[in-house]
Amino acid sequence: MSNVNRKQAALDYHSMGRPGKIAVVPTKPTNSQRDLSLAYSPGVAEPCLAIAANNEDAYKYTAKGNLVAVISNGTAVLGLGDIGAVAGKPVMEGKGLLFKIFADIDVFDIELDTKNVDEFVNIVKAMEPTFGGINLEDIKAPECFEIERRLKAEMNIPVMHDDQHGTAIISCAALINACELINKNIEDVKIVVNGAGAAAISCTGMYVSAGARKENIVMLDSKGVIRRDRETLDAMKATYATDRDIHTLADAVHGADVFIGLSAADVLTAEMLLTMANQPIVLAMANPNPEIAYDLAIATRNDVIMGTGRSDYPNQVNNVLGFPYIFRGALDVRATAINEEMKVAATKAIADLAKQPVPEEVNLAYNTNNLKFSADYIIPKPNDPRLITEVSVAVAKAAIASGVAKHTIEDWDKYRETLRKRLGQDDAIMRNLTMAAKRNPKRVVFAEADNYKTLRAAQIVKEEGIAVPILLGKKGKINALINEYGFELADVQIIDPVEEMESERVNEYVEHLFVKRQRRGLSKLDAKKLLIDRNYFGASMVQFGDADTLISGLTKNYANTIKPAIHVIGAKEGSRIAGMYMMLTKKGPIFLGDTTVNKEPSAKELADITVLLDKAVRKMNVSPRIALLSYSNFGSNEGNTPTKVREAIKIVHNEHPEIVADGDLQANFALNSDLLEANFPFSTLKGQPANTLVFPNLESGNIAYKLLQEVGNAEAVGPILLGMNKPVHVLQLDSSVREIVNMVTIAVVDVQSHEKQGN
C-alpha cells in the first residue's frame with residue numbers, strides 16, 4: 001500500500017460517519033418521562049445525597065468504578081515525538097478503544113496543553129472524584145517519572161504510566177520464559193539494554209525485580225554505554241551506569257546473553273549478533289522496524305530466541321497483553337494504587353499462560369493446531385481470551401494481599417465467570433477469523449470486479465494479506481476504475497471471460513458443465529454461452545483449481561448468483577445446501593439458518609440444516625447451542641410448523657446425540673436462559689442462551705435476519721453457503737465494502753477448513 005493510499009485510508013477511517021473512535025452510550029432506560037426524572041432532576045438527588053454521606057457509594061451509583069482516564073500532554077506520541085496535546089488525541093482515543101474491547105473498561109481521553117510538571121499534576125489530582133483509575137500515556141522523559149511518582153503518592157486511585165510499565169511487564173514475562181526455555185538463570189544472564197528512555201528504565205527495573213542483577217546489566221543511550229565517569233548523568237540513568245571499559249553497542253553485546261532494544265531500527269547488526277553468547281535472547285522492540293530485522297536475526301543464528309513489537313512475527317511484545325487486564329483487576333477490587341506486587345503478579349500470570357495448552361480459537365487465528373511453549377511462543381497471543389481471567393485475577397489477588405484493595409473478592413470462580421461475560425464475542429470472532437485468514441491467504445475470484453465496492457474490497461484484502469484477489473470482468477473498465485480511484489491492483493490478475501472463450505481451460509470448463517447438465521437439456525453450445533457469465537466462469541475456476549473460492553452477488557439477486565455455483569460445483573456427496581448468517585450483536589454472535597436457500601424444508605431437511613449449522617459454527621470455534629424455532633414451546637401450540645419442528649428435533653437427537661439442540665421453541669425462550677429454565681427446566685439448552693437458530697422456513701429466517709440488521713443494529717456477515725463441494729460464497733445485494741471484506745475472510749477460512757479435511 002502506498003504512503004498516499006495508507007494516509008488517506010487512515011484519515012477516512014477516523015473521519016467516516018461519526019468522527020473519532022469512541023462515544024458515550026447510555027446504560028439505563030431513557031424512553032419515558034419517569035426514566036428521565038430518575039436519571040436527572042429530581043431523582044438524581046438521592047444518589048447525590050447517598051454519596052455525600054459516604055463517598056465510597058460513588059462506586060455504587062456512578063460509573064466511577066469502571067472509568068479510566070487516558071491522559072497525555074502529547075510530548076512523546078508513538079514514534080512522532082512532541083506533536084502537542086490535541087495532535088495526540090487520536091492515539092488516546094485508540095487507547096480508550098483497546099481498554100473497551102479487551103477489558104470492557106470505559107475511558108475518557110484527556111489531552112492537557114501543558115508541559116509544566118506542577119500544572120499537569122495539579123490538574124490530574126483535581127479529577128480524582130471522576131475516575132476509578134489514571135492511565136498516563138505518551139509523556140516524555142524525564143518528566144514522566146516525576147509526574148507518575150507524584151500522582152501515585154498523592155492520589156488514592158490506581159495510576160500507571162503504561163509506556164513504562166506495560167512494556168516492562170510484557171517484556172519481562174518474555175525474558176523469564178526465554179531463560180527458562182534455554183535453562184539459563186535470570187540471575188546469571190548478561191543483559192544489554194539499548195535505550196534509556198522511560199520504557200527502558202522501567203523495563204530494566206522490572207528485570208531486576210524478577211531476579212536480574214544490576215552488575216550484569218549494561219545500558220546504552222544515544223551517546224553510547226552509560227558509564228559512571230560520564231560528566232552529566234541523571235539519577236535514573238546513574239542507577240544502571242557501569243565501570244566496565246566498554247563504550248559502544250558492539251562492545252556491550254560481545255558475550256551477552258540478552259539484548260533488549262527500546263531504541264531505533266537496525267542498530268544491532270548481524271556481526272554483533274554473532275558475538276553474543278550461545279542461545280541469545282533478542283527482544284528488539286523498536287516500532288515499526290526493530291533494532292534488527294526478524295528475518296536477518298534468524299538467518300544469522302539458528303539458536304536465537306527473537307521477539308519484536310510487530311504482529312507479523314512470533315513473540316510480539318504488545319502492551320495490550322497487560323494494561324487492560326491490570327486496570328480491570330485493580331478496578332474490581334477498588335485498589336488505591338498499582339504497586340510493584342501487582343505488576344509482578346501480572347508478569348507471572350502472562351508468563352505462566354504461555355506454558356498452558358493453547359485454546360483452539362488462538363490456534364485458529366494463527367492457522368495452526370500446535371502452538372505451544374517454544375522459541376516461537378514465549379508469550380501469549382493478544383487474542384487469547386484467557387488473558388482477562390488470568391491476568392485480572394492475579395492482579396486483583398495481589399492488590400488484596402498487598403493491602404491496597406478496598407474491596408475483597410470471596411468467590412474467585414464467580415469473578416472469573418463475570419470477567420468472561422464482560423467480553424462480547426462480536427468483534428472478537430471476526431478478529432480471530434481475520435488472523436486465521438492472514439496466516440494462509442487464498443486465491444479469491446471477484447466475479448463483479450467492474451464495481452467500485454468490489455475493487456475497494458479487493459484492495460483491502462490484498463494489502464491486509466487476507467486473500468489474493470482475481471478480478472473478473474472487462475479489463476478496460478476495471479483498469480479505468482483502478483486508475484480513477486488510485487487502487488494498487490496493478491499486479492492483480494484480471495480475466496475477461498469473453499477473451500477466454502477459445503482457451504484450453506474453457507474447453508475443460510464447457511465439457512464439465514455439459515456432462516453435469518446434459519440431462520437437464522443443456523447442450524455444449526449452451527454450456528459455452530453460459531461460461532461468458534462471470535458467475536459460471538468463476539465457479540468453474542474454483543472447480544478446476546484455478547482459484548480457491550468465489551465471491552459474487554453484489555449486483556445480482558441471490559437466486560441468479562447461487563444457481564451457477566450449484567450447476568458447476570454442486571453439493572457435497574450426501575449433503576444438502578443451506579445458507580447461514582452470522583449476526584454480530586452486542587451479546588455476541590448469533591448464527592441463523594436457513595435464511596437463503598430452502599423455502600419450505602421438511603422435518604428431515606430441517607434436521608439436515610441443523611447438522612450443517614452445527615458443523616459450520618464449530619469451524620468458527622464457537623460451541624453451537626441450537627434452537628429449532630416455531631411459534632410453539634414444546635407442543636404448547638398445534639399446527640404444521642410446530643409438528644414439523646418437533647419431528648426434526650427427534651431426528652437430530654436420535655441420529656446426532658452429540659449436538660446440543662432443542663425445540664420446538666419460541667425465539668424469546670431460546671435467547672433468554674432464565675426464562676427457559678423457569679418454565680422448561682428439562683430443556684437441553686437450559687443454563688445458557690442459544691447462539692444458533694434454525695428457522696422453520698425461508699420466509700421466517702429471511703425476515704428475522706433483516707429485522708436484526710435494521711432494528712437490532714446487528715452487523716450481518718453472510719450469507720455463508722453451507723454444504724457446497726467447494727467453497728463459494730454469495731453476498732447480499734448491494735453489500736458494503738466492510739461486508740464484502742468480511743465475506744472474503746469467511747471464504748478464505750472456509751477454504752482452509754476444506755483443505756484440512758481433505759476436501
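Heads up: the structure comes first, above all this text.
Residues numbered from 1 in each chain as written. Predicted model: local features only at pLDDT ≥ 70, side-chain atom pairs only at ≥ 80, totals over all residues. Heavy atoms only, no water.

(A) Seen up close, the overall build of the protein chain. The number of helices and strands found in the protein chain is 31 helices and 21 strands. Scaling as 2.2 N^0.38, a compact globule of 759 residues should have a C-alpha radius of gyration of about 27 Å, and the protein chain matches this with 29 Å. On the principal axes, the C-alpha backbone points of the protein chain span a range of 95 × 70 × 50 Å. Burial analysis of the protein chain (759 residues in total) assigns 54% to the buried set. Of all intrachain contacts in the protein chain linking residues separated by at least 6 positions in sequence, the fraction that spans at least 24 positions is 69%. Only carbon and sulfur atoms are counted for the fraction: they give 51% of the accessible area of the protein chain, which is about 33,500 Å². (Helix = DSSP H or I, 4+ residues; strand = E, 2+ residues; numbered from the N terminus. Rg over C-alpha atoms; globule rule 2.2 N^0.38 Å. Buried < 20%, exposed > 50% of the residue type's maximum accessible area, 1.4 Å probe, protein only. Contact = heavy atoms within 4.5 Å. Areas by Shrake-Rupley, 256 points an atom, 1.4 Å probe, with all protein chains shown as cover.)

(B) Region of interest: the layout of surface pockets. Considering only enclosed or pocket space, the second largest pocket measures out at about 610 Å³ in volume. Looking at the second largest pocket, it is lined by 32 residues, and the ones nearest its centre are K572, L612, K615, K619 and G723. Those elements that provide at least two residues to the lining of the second largest pocket are α26 (603-619), α27 (640-655), β20 (715-722) and α31 (737-757). Looking at which element gives the most residues to the lining of the second largest pocket, the answer is α26, with nine residues. Here the residues of the lining of the second largest pocket are counted per class, giving 14 nonpolar, seven polar and 11 charged. (1 Å grid on protein atoms, 1.4 Å probe; cavity = no way out; pocket = protein on both sides within 12 Å on 5 of 7 lines; lining within 4 Å. Points joined across faces, edges and corners; volume = space filled by probe spheres on them. Nonpolar A, V, L, I, M, F, W, Y, C, P; charged D, E, K, R; others polar.)

(C) Up close: the nonpolar core. Of all hydrophobic cores here, the largest spans 101 residues; its most connected members are I71, V124, I134, L136, I191, M342 and V391. If we ignore the near neighbours within four places in the chain, the residues touching I71 are I110, L112, F120, V124, M127, I134, N135, L136, E137 and I139. Of all hydrophobic cores here, the second largest spans 64 residues; its members include I429, M430, A437 and I460. (Core = buried A, V, L, I, M, F, W, Y, C linked by side-chain atoms within 4.5 Å.)

(D) Representation of the sheet that holds strand β12 (residues 467-472) in the model. Reading across the sheet, the five strands line up as β13-β12-β11-β14-β21 and stay open at both edges, with parallel pairing between neighbours. Bordering the open sheet on either side are β13 (493-495) and β21 (728-730), each of which pairs with just one other strand. Strand-to-strand twist of the sheet, defined as the mean angle between neighbouring strand axes without regard to direction, takes the value 25 degrees. Sheet topology note: the strand β11 (residues 442-446)/strand β14 (residues 549-552) ladder contains three bridges and is parallel. In the strand pairing of β14, F446 is matched with I551. Contacts from helix α20 (residues 452-463) reach β11 and β12 within the one sheet, and its direction differs from that of β12 by about 155 degrees. (Pairing = 2+ DSSP bridges. Axes fitted to C-alpha atoms, helices over the stretch in contact; angles between N-to-C directions.)

(E) View of the sheet that holds strand β3 (residues 133-136). Ordered by their spatial adjacency, four strands build an open sheet running β2-β1-β3-β4, and the pairing between neighbours is parallel. Strand pairing shows two members of the sheet lacking a second neighbour, β2 (106-111) and β4 (159-161), which therefore form its edges. Here the strands of the sheet are splayed against their neighbours by 20 degrees on average, with no regard to which way each runs. As paired elements, β3 and β4 share three bridges and run parallel to each other. From the neighbouring strand, I134 faces β4, where its bridge partner is V159. Contacting β1 (67-72), β3 and β4, helix α14 (residues 323-332) runs over the sheet at an angle of about 160 degrees to β3.

(F) Representation of the pairing of strand β10 (residues 305-308) in the model. Because side chains alternate across β10, one face comprises the buried residues I305 and G307, and the other comprises M306 and T308, equally buried. For the segment spanning strand β9 (residues 281-284), helix α13 (residues 294-300) and β10, crossover handedness is right-handed. (Right-handed = clockwise from strand over helix to strand, strands pointing away.)

(G) The arrangement of the packing of helix α22 (residues 504-517) against helix α25 (residues 558-568) in detail. Two numbers describe how α22 lies on α25: the axes approach to 9 Å, and their chain directions differ by 90 degrees. It follows from the interaxial angle that α22 and α25 lie roughly perpendicular. Of α25, the residues touching α22 (which contributes H512, L513, K516 and R517) are I566, H567 and V568. Tallied by class, residues from the contact of α22 with α25 come to three nonpolar, two polar and two charged. (Parallel < 35°, antiparallel > 145°, perpendicular 65-115°, else oblique.)

Treat this as a map of the structure, not an account of what it does.
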